[in-house]
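Residue-level structural notes
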Amino acid sequence: MKKLLIILFILTPSVIWAQSGKKDGSFNAAGIDQLYIMIDAGMKINVTGTDTDQISYTYEFDGNDQAYEHYFQNFNPEYETYDGRASLQIDFPEIKRKNVSFRTKKHLLTLSVPKAIELQLQTRYSTVNIQSIERATEVTNRSGSVAIRDIGQGIKVSNEYGNVVAENINGDVDISSRSARIDVKGVKGSLTVKSHYTKLNLTKITGELDLENKSGTVNAYDLDSRITSRGDYTNYELTDIRGDIDIDTKSGSVIIDKAENVNITGDYTNVTASNLKGERGISINTKSSKVQIENVFGDVGISGEYINIELENISRHVDVRNRSGKVTTNTVQGAVSIVGEYNKIDVKNYQGDYVYILNRSGNIQIEAMEKLNSLEVWTSYGDVDVNMKKPFEGDVRFDVEYGKLDQPFKLNNTVLNNSRNAAKVQGKVGNGTGRILIEVRNGDITITQ
């Protein structure tokens, strides 16, 4: 019998602590142009715009005695109007007692408001859902989630430590957050995001994007937009961007597939980019990174140090400034200019007619598929191998010191200057106007044709 009494004592509180209730009401909103709602408590808030001239509410609560007394019994909305503006305010008394334990199973406020109004909602620690408002909408929430859908004009959201969803917005979107996940879809306007430690998922936006994120990820696809983004320690994955991209980051990664022109500044940031259609192409300034670029209609410009670079199928010019690393190009159609100090350089399947390379140390290989018009190579420590698939015509000059020269040309007006450790050869091949100048110290020159 004692055991039975103990069991009943344990179970009884779980039965009697819950109390529930429901309150309904409405206010006249005829002629109202702007509505301000302030709710000073954490709860679930659903707001829907409808064809009505009233503000109707349903408040549903289920919780323990202390929570019921504090919230449900004190729920008393205050409604005021003035000159086309209305305010709906819900306050609860200040908690003065110690050792208060509020337990809630259900804390829900459902509001139906006129859809043809400007709406502003301020709350904290709440889950907010707003839909079907035809005018500008603004939400301020200290912590909790915010979802806004089907808005006829722009929106502004400020929400710390909570997720934000914005869908089908016919206007500009402005979001500020600290740590969250932000999902934006279907915006006919611009998007501005200022956030820290956030994951952004963005799609179907027609206006410009201005993003600021201290650390996190940015996933964007199917945009008719220009993207400007700032923030270190951020990873980017951008796909099908029908606009330019400008990124300033550090210690992150950037992956781009299908865009117009691209500009990236970011040390310790690996970059992979493909299918860029803009005439200006891509410009990258980085350090200690890996860069892979392919299928670019415009120019490619890369500057920095300690970069490993792979370029493929570039329609226009390539300009590389890299202090140390590896540079490999495949199927470049425009001019190639590579300047550095300690680079291994391999120019494969070159389709253009102009190559300029200035390097201090590292082997250099060039495979020229078309007739060269200008080839200049300067290096101090490394071999130079040039394979020309079509005959060259024009002036040539080879200068090699502490190395060997192997070249196939029969030169007219040849000038030879041989010494114990050096050889200089100068002359002309055929009647063309091309120019080859190669100067090597401590390495071999090999030309095949």
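Attention here is on the structure that accompanies the text. (Residues numbered from 1 in each chain as written. Predicted model: local features only at pLDDT ≥ 70, side-chain atom pairs only at ≥ 80, totals over all residues. Heavy atoms only, no water.)

**Brief notes about the overall build of the protein chain**
- Scanning the protein chain from N- to C-terminus turns up two helices and 39 strands.
- The C-alpha radius of gyration of the protein chain comes to 34 Å, more than 25% above the 22 Å expected for a compact globule of 449 residues.
- The C-alpha extent of the protein chain, read off along each of the three principal axes, is 110 × 65 × 30 Å.
- Counting every position in the protein chain, which comprises 449 residues, the buried fraction comes to 43%.
- Counted over contacts in the protein chain with a minimum sequence separation of 6, partners at least 24 positions apart contribute 28%.
- Accessible area for the protein chain stands at about 21,900 Å²; split by element, carbon and sulfur atoms hold 43% of it. (Helix = DSSP H or I, 4+ residues; strand = E, 2+ residues; numbered from the N terminus. Rg over C-alpha atoms; globule rule 2.2 N^0.38 Å. Buried < 20%, exposed > 50% of the residue type's maximum accessible area, 1.4 Å probe, protein only. Contact = heavy atoms within 4.5 Å. Areas by Shrake-Rupley, 256 points an atom, 1.4 Å probe, with all protein chains shown as cover.)

**Brief notes about helix α2 (residues 65–72)**
- Among all positions of α2, only Ala67, Tyr68, His70, Tyr71 and Phe72 are buried.
- The secondary structure elements touched by the buried residues of α2 are β1 (19–28), β4 (54–63) and β7 (104–114).

**A short note on the pattern of salt bridges**
- In the structure shown here, the tally under the stated rule is 29 salt bridges.
- The shortest N-O distance in the salt bridge between aspartate 399 and lysine 424 comes to 3.9 Å. Linking aspartate 399 in strand β34 (residues 394–401) with lysine 424 in strand β37 (residues 422–429), this pair joins segments that are 25 residues apart in sequence.
- Notably, a salt bridge pairs arginine 441 with glutamate 439, separated by 3.4 Å at the nearest N-O pair.
- Salt bridges sharing common partners tie together Lys204, Asp222, Asp224, Asp240 and Arg242. (Salt bridge = Lys/Arg side-chain N within 4 Å of Asp/Glu carboxyl O.)

**Some words on the pairing of β37**
- Burial along β37 is one-sided: the residues Ala423, Val425, Gly427 and Val429 are buried and none of Ala422, Lys424, Gln426 and Lys428 is.
- Where β34 and β37 come together, eight bridges link them in antiparallel fashion. Its bridge partner being in β37, phenylalanine 398 is matched across the sheet by valine 425.
- For strand β36 (residues 412–418) and β37, the ladder comprises five bridges, and the chain directions are antiparallel. Counted as the bridge partner of asparagine 412 is lysine 428 from β37.
- Counting the residues between successive antiparallel strands, the hairpin from β36 to β37 contains three residues. (Pairing = 2+ DSSP bridges.)

**With respect to the nonpolar core**
- By size, the foremost hydrophobic cluster in this structure holds 116 residues, and its most contacted members are Ile293 and Ile438.
- Looking at which element gives the most residues to this core, the answer is strand β27 (residues 300–314), with six residues.
- Residue contacts for isoleucine 438: discarding those within four places in its chain leaves Leu375, Val377, Val384, Val386, Arg397, Phe398, Asp399, Ile445 and Ile447. (Core = buried A, V, L, I, M, F, W, Y, C linked by side-chain atoms within 4.5 Å.)

The analysis is restricted to geometry; functional conclusions fall outside its scope.
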